[in-house]
Amino acid sequence: MIYLDSAASTKPSEAVIKTLTEMVGCYGNPSSLHSEGQRAKHVVNDARSGLSQRFGGGQVFFTSGATMSNCLFIQGWMKRNPNGRLIVSMVEHNDIIMLAQYYEAHGEDVLWIPVDEQGFVSIPLINLASSVARSKGQPFLCVVQAANGECGTIQDIKTIARVVHEYDGILYSDVTQYIPYFPVPQEVDAFGMSGQKINSIKGTGLLYMKNAMVIDPIIFGEQGLIGGTENVLGIACLDTAFKELDYENDSLRDKQKKLIEGLAPYGKLVGAADLSKRIPNNVYMAFDKYDFESLVVLLDGFGIEVSAGSACSSGKPSHVVMAMGYNEKFARTCVRFSLSKETSDEEIDETIRIIREILTL
């Protein structure tokens, strides 16, 4: 099998598997005062301290993944700021889109920020929305992901942060697809991510806040913000995965470019045309001969595992593609190839060969 769905989930690294094996025996509750409990507590505290330093200081809370992180932060902020304004890009992950739609349906002030044909958010509109919020005396939260997991477009987070902060707003970013390849911009006030995207295990993630807590708790408990006994095993694996990140992307960029050039005669690249503004593992193509479900199944039959986009939206046309101005028919032709550093040149060549064979029948 040729696995080209790393944006959905990555294979745990050897170091993570080693940590997983070693930490299975760390069974104490971190809240317990006895030796086994304190052993577990040290694992959690060491991971939290190390990750906080990695991100430049601030608060780290461990979660089950980006969805939990995103929802905790946004709901916690809305709980603390009942008259606040929520500014959300139209290409966010499904969990944020659904949460914003919920608030809008219940009468909250939600402004949707559109994107252009390549998936870049409208910074002038964010500027206008921020200005209006401050003129009304409204606190506001701007939510823009650092990079989109479907079309691969990287947002200009530093400029967005400068605009938001100019009007005393808060910028929250889902960095799940960005953080495997680049350090998180220091300008972001808070972010969430999932461990399974950086070669850790599923069910792990974190919520980071740069400054003092700016949200109210949703689930009360051990971490002060998030209830439930800490997942010591998952936290240790997440910490190990972060220690392995090197942000060396040249080889992956070469493979990405090779796949794009090989598929160009048969489809249309969707997302940022400038590869420097696209995450290095992402190739999102529209093939007008097949709908995405048929092509994904066909490719699986040939031993190539890809997806139509976000795993959370499986079977549905991408809201991201339609937000970029394309119609539903076009959205149903889009297939995502997401590479990893383990993807070989031979696998790229084989993928191109099979796509050519399928599309020229």
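Every chain's residues receive numbers from 1 upward, in the order its sequence appears when written. Local features in this predicted model are restricted to residues of pLDDT 70 or higher, and side-chain atom pairs are both shown and tallied only at a pLDDT of 80 or more, whereas totals for entire chains, interfaces and linings draw on every residue. Excluded from the side-chain calculation are hydrogens and water; included are all heavy atoms of the structure.

**Q** Explanation requested: the sheet that holds strand β8 (residues 205–209) in the structure shown.
**A** To summarise the sheet geometry, strands pair through backbone hydrogen bonds and adopt either a parallel or an antiparallel arrangement. At least two DSSP bridges between two strands are needed for those strands to be called paired. Numbered from the N terminus, helices here are DSSP runs of H or I no shorter than four residues, and strands are runs of E no shorter than two. Here seven strands make up an open sheet; going across it, the order is β2-β8-β7-β6-β5-β3-β4 and the pairing mixed. Since the sheet does not close on itself, it has two edges, and those belong to β2 (59–63) and β4 (109–113), each with one partner. Averaged over all neighbouring strand pairs, the angle between strand axes comes to 15°, with direction disregarded. The pairing of strand β7 (residues 190–194) with β8 spans five bridges and is classified as antiparallel. Looking across to β8, one finds that methionine 193 is bridged to leucine 206. With respect to the sheet, helix α5 (residues 123–135) is in contact with β3 (85–89), β4 and β5 (140–143), its orientation differing from that of β3 by roughly 175°. Note on geometry: axes are lines fitted to C-alpha atoms, helical ones only across the stretch in contact, with angles between N-to-C directions running from 0 to 180 degrees. Throughout, a residue-residue contact means that at least one pair of heavy atoms, one from each residue, lies within 4.5 Å.

**Q** Got a minute to help me understand the packing of aromatic side chains in this structure?
**A** Describing an aromatic ring pair means giving the distance of the ring centres and the angle of the ring planes. Between 30 and 60 degrees the pair is tilted, below 30 it is stacked and above 60 it is edge-to-face, where a pair is any two Phe, Tyr or Trp rings, Trp via its six-membered ring, whose centres lie within 6.5 Å. Throughout the structure, instances matching the rule amount to nine aromatic pairs. Summarising the aromatic geometry, the rings of tyrosine 178 and phenylalanine 182 are spaced 5.1 Å apart at their centres and angled 45° between planes, so their arrangement reads as tilted. Like phenylalanine 182, tyrosine 178 is buried. Partly exposed describes any residue whose relative accessible area lies between the buried limit of under 20% and the exposed limit of over 50%, with all areas from a 1.4 Å probe on protein chains only and scaled to the type maximum.

**Q** What am I meant to see in the sheet that holds strand β9 (residues 268–269) here?
**A** Read from one edge to the other, the open sheet built from three strands follows the order β9-β10-β12, with strand pairing classed as antiparallel. Of all the strands in the sheet, the pair left with one neighbour each is β9 and β12 (334–338). Pairing of strand β10 (residues 282–286) with β12, which is carried by five bridges, proceeds in the antiparallel orientation. Note that in β12 the partner of valine 283 across the bridge is phenylalanine 337.

**Q** Hey, could you run me through unusual backbone geometry in this one?
**A** Leaving glycine out, the prevailing phi sign among residues is negative, and the prevailing peptide bond configuration is trans. One non-glycine residue, asparagine 199, adopts positive backbone phi at about 70°. Look at tyrosine 247: it is not a glycine, yet its phi comes out positive at around 60°. Its location among the elements puts tyrosine 247 in the loop between α7 (232–244) and α8 (250–263).

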